[in-house]
Amino acid sequence: MDRVFKLNPKIAVAIFVGTDLLCVAMGMGVPLLCILLGFFVGWYIAKRATVTTTNVKSILTEVLVYALVTSTFTFVVMGVIWGRTIPMLFDPGADFQNFGHPFILYDPKLSFIGWLVLMILVSPFLQLLTTIFGSYLTLLRWSK
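Everything numeric here is computed off the predicted structure, so don't read it as measured data. Per chain, the residues get numbers from 1 upward, laid out in the order the sequence is written. Selection of residues for local features in this predicted model requires a pLDDT of at least 70, selection of side-chain atom pairs for listing and counting requires 80 or more, and totals for whole chains, interfaces and linings are taken over all residues. The side-chain values count all of the structure's non-hydrogen atoms but skip hydrogen atoms and water molecules.

Some points on the packing of helix 4 (residues 56-82) against helix 5 (residues 108-141)
- For helices, the axis comes from a line fit to the C-alpha atoms of the stretch in contact; other axes are also lines fit to C-alpha atoms, and the angle between any two N-to-C directions lies between 0 and 180 degrees. Secondary structure elements follow DSSP: runs of H or I of four or more residues count as helices, runs of E of two or more count as strands, with numbering from the N terminus. Taken N-terminus to C-terminus, the directions of helix 4 and helix 5 make an angle of 155°; their axes are 9 Å apart at the nearest point. The orientation of helix 4 relative to helix 5 falls into the category roughly antiparallel. Helix 4 and helix 5 meet at a crossing whose hand is right-handed.
- Each residue gets one label: Ala, Val, Leu, Ile, Met, Phe, Trp, Tyr, Cys and Pro are nonpolar, Asp, Glu, Lys and Arg are charged, and the others, such as Gly, are polar. Its residues placed into classes, the contact of helix 4 with helix 5 shows 19 nonpolar, six polar and no charged. Here is the rule for angles: anything less than 35 degrees is roughly parallel, anything more than 145 is roughly antiparallel, 65 through 115 is roughly perpendicular, and the remaining ranges are oblique. Helix crossings get a hand from a simple test, with the near helix turned counterclockwise from the far one by less than a right angle marking a left-handed crossing and a clockwise turn marking a right-handed one.

Structure (structure tokens):
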């Protein structure tokens, strides 16, 4: 089992990138599965950090750095997917009514802005929080 946590970091990153892209694809551009993936990534990060060191400060620093890296990747993917729709905000003839997003703010254009903020900014932040939470739960549960 410890062999899994001693994977080459490049291979671990490649596995994460593939899994994150698969989660985005399965969610059709909505990163709900990426947010849930944060729990498993946090578990892996915490277990990997405890295999390499027992210093609490270095473990927590490693958890934070890797959580930031994973959420930054999701932020970039969401920026690529949803960022191309931002110019619609400046198009007076844009049809926000039939774009396909939920009307969360009861106005088509405001709902569209809210949807973009939710997809591009809030979702990667939630992934960051779930990754940190998952790793801290792992550290609490399986600490020696």
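Additional details are given in the paragraphs that follow.
Re the environment of valine 56
- With respect to the helices and strands, valine 56 occurs in helix 4.
- Taking the C-alpha atoms as reference points, valine 56 and glycine 38, separated by 18 residues in sequence, lie 21 Å from one another.

Some thoughts on helix 4
- Take the residue count of a helix, subtract one, and multiply by 1.5 Å to get its expected span. For helix 4, built from 27 residues, the straight-helix expectation of 39 Å at 1.5 Å per residue is met to within 8% by its first-to-last C-alpha distance of 38 Å.
- Among the structural elements, helix 2 (9-26), helix 3 (32-52) and helix 5 are those in contact with the buried residues of helix 4.
- Residue asparagine 55 occupies the N-cap position of helix 4, its side-chain oxygen lying 3.3 Å from the main-chain nitrogen of lysine 57. We call two residues in contact when some of their heavy atoms are within 4.5 Å. Think of a polar contact as two N or O atoms within 3.5 Å of one another; within protein, one of them needs to be a possible hydrogen donor and the other a possible acceptor, and neighboring residues in sequence only count if both atoms come from side chains.

Points about the side chain of serine 123
- With respect to the element layout, serine 123 can be found in helix 5.
- Not counting chain neighbours up to four residues away, the residues in contact with serine 123 comprise Pro31, Ile35 and Leu118.

Some thoughts on the packing of aromatic side chains
- Aromatic contacts are taken between Phe, Tyr and Trp rings whose centres are within 6.5 Å, Trp giving its six-membered ring; a plane angle under 30 degrees counts as stacked, one over 60 as edge-to-face, and the others as tilted. One pass over the structure, following the stated rule, counts three aromatic pairs.
- With centroids separated by 6.1 Å and ring planes inclined at 70°, the aromatic side chains of phenylalanine 16 and phenylalanine 73 adopt a geometry described as edge-to-face. One end of the pair, phenylalanine 16, is in helix 2; the other, phenylalanine 73, is in helix 4, with 57 residues separating them in the sequence.
- Taking relative accessible area as the criterion, phenylalanine 16 reaches 13% and is therefore assigned buried.
- The exposure class of phenylalanine 73 is partly exposed, given its relative accessible area of 22%.
- Taken together, a centroid distance of 5.9 Å and an interplanar angle of 80° make the contact between tryptophan 82 and tryptophan 115 edge-to-face. Placement of tryptophan 82 in helix 4 and of tryptophan 115 in helix 5 is noted, with a sequence separation of 33 residues between them. An identical accessibility class is assigned to tryptophan 82 and tryptophan 115; each is buried. For each residue, the accessible area found with a 1.4 Å probe, counting protein chains only, is set against the maximum for its type, and the residue is called buried under 20%, exposed over 50%, and partly exposed in between.

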